[in-house]
Amino acid sequence: MNLFILPMLSVLLFWCAACTALPFLVLRDRRLARLRKRAIFDKRATQLSGLCALMSILWGAALCADAYFHGRMDSVASTLSRPLWLIFVGGECLAAVLVLCSFLAGKRRIPVFVGALLGGCAAVCSYLIFILLLWSFLRGEALPGNSLLPSAPGDPFPAEQLIRQMIEWFAAVPVREDWALSGLALGFFCFLPPVAAYMCALLWYLLRRGVDDFGRDYYLFAVGGGARRAAWSGALLLPFAAVLLWVTPPFAAEVINSLPFGTLKPEQMALLYNILPLCLPLAVFCCYLPCRFSSPLRGKSLMVLAPCFLLAGIFVMLVRLWG
């Protein structure tokens, strides 16, 4: 395995998770704005809608470029299942288009709602496909369906063939020895999107403060509430991470050549990768502290450190699952 595959997958997983949850955060704030008749929720939804559109467009463009030019992710995913990889890319592009339409609709309620809802549903389906591809890569299992065209005129259509192969593949899941590990990993990946989305939202509030001048009271409300929800979402993520670390074997020095910091001694590498899981509770702590301040904006450095710690924690979790 290439040295930078797992760090790259960690960044992509964080990005994909954030793009999955952001449309639903926009819908939540739009709904609160209608129910409570407060413009402060509508302002926050407007900011989050801009962030969601920007991240979704960049994410979809990056995936299309990688698939078109046969980049690193395309070469990795093609060894697992080319059809699923193309379905994932198409789903993310569809989600980006729908989210962009919702953003351009402005304050027209029905188009905004429909665009964000459909974009979020497309992003969720694509995220589940990405988790399947990622898990198969980490466990070294090739997914069925490595061709888009039938090999002979009498063969079934590609979609029918892929569905049949996937049903047969999933039917073998209960008899596998790692089914419990798969369930724990699924819980970890499913609780990751809200954490990633709220952390990206905190950074977006800080970046847009000088542009969208909504007043000091608004940013105290938005940053404090975002930090609180990020901390609670991260707290729900920690039990799955702890159990996964408990059931997976510790870092083995035999894979030293395939991971970053390979110049260190094996003992130092083992110590480093066994300490790095502490980055996950540190990320939650960095989100919790600003919401306890009288002015959450004083915790700017903590808000910047939180996604860095989360990325390090995601990376070490992928290392443990792969090893």
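Predicted model only: the values in this text are computed from it and were never measured.

So, how was this worked out
Residues numbered from 1 in each chain as written. Predicted model: local features only at pLDDT ≥ 70, side-chain atom pairs only at ≥ 80, totals over all residues. Heavy atoms only, no water. Salt bridge = Lys/Arg side-chain N within 4 Å of Asp/Glu carboxyl O. Buried < 20%, exposed > 50% of the residue type's maximum accessible area, 1.4 Å probe, protein only. Helix = DSSP H or I, 4+ residues; strand = E, 2+ residues; numbered from the N terminus. Patch = residues over 30% accessible without salt bridge, like charges linked within 9 Å, V, L, I, M, F, W, Y side chains within 5 Å. Areas by Shrake-Rupley, 256 points an atom, 1.4 Å probe, with all protein chains shown as cover. Lys, Arg positive; Asp, Glu negative; His and termini not counted. Charge placed at Lys NZ, Arg CZ, Asp CG, Glu CD. Polar contact = N/O pair within 3.5 Å; in protein donor to acceptor, adjacent residues only side chain to side chain. Contact = heavy atoms within 4.5 Å. Axes fitted to C-alpha atoms, helices over the stretch in contact; angles between N-to-C directions. Parallel < 35°, antiparallel > 145°, perpendicular 65-115°, else oblique. Left-handed = near helix turned anticlockwise from the far one by under 90°.

> Tell me about the pattern of salt bridges, residues and numbers included.
The full count for this structure, using the stated rule, is 3 salt bridges. Notably, a salt bridge pairs Arg 28 with Asp 29, separated by 3.5 Å at the nearest N-O pair. Look at Arg 28 and you get partly exposed, because its relative accessible area is 35%. Residue Asp 29 is classed as buried on the basis of its relative accessible area of 1%. For Asp 29, the salt bridge is made with Arg 44, and the minimal N-O distance between the two is 2.9 Å. In this pair, Asp 29 sits in helix H1 (residues 5-36) while Arg 44 sits in helix H2 (residues 39-68), placing the two residues 15 residues apart along the sequence. The network of salt bridges with shared partners includes Arg 28, Asp 29 and Arg 44.

> Could you give an account of a positive patch on the surface, naming the residues involved and the relevant values?
A contiguous patch of positive charge, built from Arg 31, Arg 34, Lys 37 and Arg 109, is present on the exposed surface. Mapped onto the elements, Arg 109 comes out in helix H5 (residues 109-139).

> Kindly report on the side chain of Arg 44, identifying the contributing residues and their values.
With relative accessibility at 1%, the residue Arg 44 sits in the buried group. Of note is the side chain of Arg 44, whose polar atom sits 2.9 Å from the side chain of Asp 29. Ignoring anything within four residues of it in the chain, the contact list for Arg 44 reads Arg 28, Asp 29, Leu 32, Tyr 205, Tyr 218, Phe 221, Ala 222 and Arg 229.

> Outline the packing of helix H8 (residues 216-247) against helix H11 (residues 300-322), supporting the account with residue identities and numerical values.
Where H8 contacts H11, the two axes come as close as 12 Å, and the packing angle between them is 15 degrees. As far as their axial angle goes, H11 and H8 are roughly parallel. The hand of the H8/H11 crossing is left-handed. For the pair H8 and H11, the contacting residues are Val 223, Leu 237, Ala 241, Leu 244 and Leu 245 in the first and Met 303, Leu 310, Met 317, Arg 320 and Leu 321 in the second.

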